[in-house]
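Survey of secondary and tertiary structure
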Amino acid sequence: METKLGNQSNDDTAIWIEKYRPQSFSDIRGQKDIVKRVKAFIEAKNMPHLLFTGPAGTGKTSLSLVVARKLFGSNWRSNFLELNASDERGIDVVRVKVKDFARTRALGDVPFKIIYLDECDALTKEAQQALRRTMENYTKTCRFILSANYSSKIIDPIQSRCAMFKFKPLDQKDIISIIEKISTDEGLKIDESAKKALIEACGGDCRRLENILQSCAALGEAITEELVFSLASMAKPKEVAEFLNLAVENKFIEAKNKMLETMLNYGLSGLDIIRQIEREIWQLNIESRKKVALIDKCAEIEFRMVEGADEFLQLEALLAQFTVVSR
Ligand SMILES: Nc1ncnc2c1ncn2[C@@H]1O[C@H](COP(=O)(O)OP(=O)(O)O)[C@@H](O)[C@H]1O
Ligand SMILES: [Mg+2]
């Protein structure tokens, strides 16, 4: 499979997650210890298999591409294979592709090629066993970089064969620095409240950040808090707090109307809004014990929605709980 990654392009139609993909170690924000350790492997021109775990949009793929560029220089494309475990219709396809790729020696002075296997936690335990054998068979000619959201879903025999790195969601300071870099490069007009909204909306996921920012920019207007939340399919946290507070103050009908209005304004589904309600509970001015009870209710209502229950009825029932619990 041809790798589609790492094509840094400067034309205006480029998607920003590719245009702003880190090109070197110093471009990778956050993840300081990880970058330091990985850099040491590269300087030694030797590395073990690596396991990158952590949430989406935190730099797992990007760091792998930097590793390939640093190790192989301009030859990197012929020495780097990217596969997606969940795309490739099972481990057999992965095995065949690995075999073809691993048959020839690496070009240049590094004695191995790199195989980046994304979403390994989508593989069954049996498939992971097969992957482990494949890793062993090709250790002489290949290093694997495995990526997964959760290390707990990766079998022990694989974990113990890899150096493991846990990627964290980017913190506010790093998110801000990315927003500022892109805003300058693209000449965006963006105010402070819109930056805060982006931080809130992306939850430390840079891919989501860059996608929301690019959709905002495409409209060609100044970027505001309203625009960010509406393109992120989120209500303003303030508005959510407002209807929750009404419910807590025993103004149930007003709370319900405000909630419906908010959902219609931003085009939110029941599941969208319930995630935001859950977050806002912590800010309410009620006892912690009551907050905990309400979080529990949120989880129950969310489950019912996923199972197909009527969203509005469920949300009303949830709001009613805010009134009951706060009495
Ligand atoms: N740590 C980071 N520093 C800078 N940009 C990042 C970082 N993590 C992600 N990004 C941005 O988000 C995009 C997607 O990141 P990616 O490395 O594919 O995430 P992951 O593989 O962890 O899901 C990158 O192209 C880059 O623009
Ligand atoms: Mg990735």
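It should be emphasised that the depicted structure is a prediction, and the values quoted were computed from it without experimental measurement.

Moving on to the site of ligand 1. Around ligand 1 there are 19 residues in total, and Ile17, Lys60, Thr61, Ser62 and Glu210 lie nearest to it. Note that an oxygen atom of ligand 1 is positioned 2.8 Å from one of the backbone N or O atoms of Gly57. A total of 550 Å² of accessible area belongs to ligand 1 in isolation, and the protein chains cover 97% of it. A majority-of-atoms criterion places ligand 1 in the largest pocket. Among the secondary structure elements, those contributing two or more residues to the shell around ligand 1 are helix H3 (60-72) and helix H9 (206-218). Its residues placed into classes, the shell around ligand 1 shows eight nonpolar, five polar and six charged. Shared between two domains, the shell around ligand 1 takes at least three residues from each, and those domains are domain 1 (16-166) and domain 2 (172-231).

Our next topic: the pattern of salt bridges. Applying the stated rule across the entire model yields 21 salt bridges. Arg103 is the salt-bridge partner of Asp100, the closest N and O atoms lying 3.6 Å from each other. Within this pair, Asp100 and its partner Arg103 are both found in helix H4 (residues 91-103), separated by three residues, close to a single helical turn. Judged by its relative accessible area of 65%, Arg103 is exposed. Here Arg304 and Glu300 are joined by a salt bridge, their closest N and O atoms 2.4 Å apart. Placement of the pair is Arg304 and Glu300 together in helix H14 (residues 288-306), with a separation of four residues, close to one helical turn. Its relative accessible area of 31% is what places Arg304 among the partly exposed residues.

Looking now at unusual backbone geometry. What you tend to see is this: most non-glycine residues have negative phi, and most peptide bonds are trans. Positioned with a positive phi, Lys45 is a non-glycine residue whose angle comes to about 50 degrees. Turning to its location among the elements, Lys45 is positioned in the loop between helix H2 (32-43) and strand S1 (49-53). Backbone geometry at Ser233 places phi at a positive 55 degrees, although glycine is not the residue there. Checked against the element boundaries, Ser233 lands in the loop between helix H10 (225-231) and helix H11 (237-248). A relative accessible area of 32% means that Ser233 is categorised as partly exposed.

Helix length check: helix H5 (residues 125-137), at 13 residues, gives a terminal C-alpha distance of 19 Å against a target of 18 Å (1.5 Å per residue), a fit within 8%. If you check which residues of H5 are buried, you get Ala127, Gln128, Ala130, Leu131, Arg132, Thr134 and Met135. Summarising the contacts, the buried residues of H5 are in contact with S1, H4, strand S3 (113-118), strand S4 (142-148), helix H6 (156-159) and strand S5 (162-166).

Here the focus is the domain arrangement of the protein chain. Entries for the protein chain in the domain assignment read domain 1 (16-166), domain 2 (172-231) and domain 3 (237-326). Taking only C-alpha atoms, the centre of domain 1 and the centre of domain 2 are 30 Å apart. Taken together, the contacts link nine residues of domain 1 with 17 residues of domain 2. With both chains or domains summed, domain 1 and domain 2 bury close to 1,200 Å², and 55% of this area falls on carbon and sulfur atoms. Sorting the residues of domain 1 by area buried against domain 2 places Trp16, Tyr20 and Arg29 first, and these three jointly supply 60% of that buried surface. Linking Glu186 and Lys19 is a salt bridge whose minimum nitrogen-to-oxygen distance equals 2.7 Å. The interface formed by domain 1 and domain 2 holds five residue pairs in polar contact (both at pLDDT 80 or more) in total. For the side of domain 1 that touches domain 2, the per-class residue count stands at four nonpolar, three polar and two charged.

About the criteria used
- Residues numbered from 1 in each chain as written.
- Chains lettered and ligands numbered in written order.
- Predicted model: local features only at pLDDT ≥ 70, side-chain atom pairs only at ≥ 80, totals over all residues.
- Heavy atoms only, no water.
- Near = heavy atom within 4 Å.
- Polar contact = N/O pair within 3.5 Å; in protein donor to acceptor, adjacent residues only side chain to side chain.
- Areas by Shrake-Rupley, 256 points an atom, 1.4 Å probe, with all protein chains shown as cover.
- 1 Å grid on protein atoms, 1.4 Å probe; cavity = no way out; pocket = protein on both sides within 12 Å on 5 of 7 lines; lining within 4 Å.
- Sits in = over half its atoms within 2 Å of the grid points.
- Helix = DSSP H or I, 4+ residues; strand = E, 2+ residues; numbered from the N terminus.
- Nonpolar A, V, L, I, M, F, W, Y, C, P; charged D, E, K, R; others polar.
- Domains from an automatic or database assignment.
- Salt bridge = Lys/Arg side-chain N within 4 Å of Asp/Glu carboxyl O.
- Buried < 20%, exposed > 50% of the residue type's maximum accessible area, 1.4 Å probe, protein only.
- Expected span 1.5 Å × (residues − 1).
- Contact = heavy atoms within 4.5 Å.
- Buried area = accessible area lost by both parts, 1.4 Å probe.

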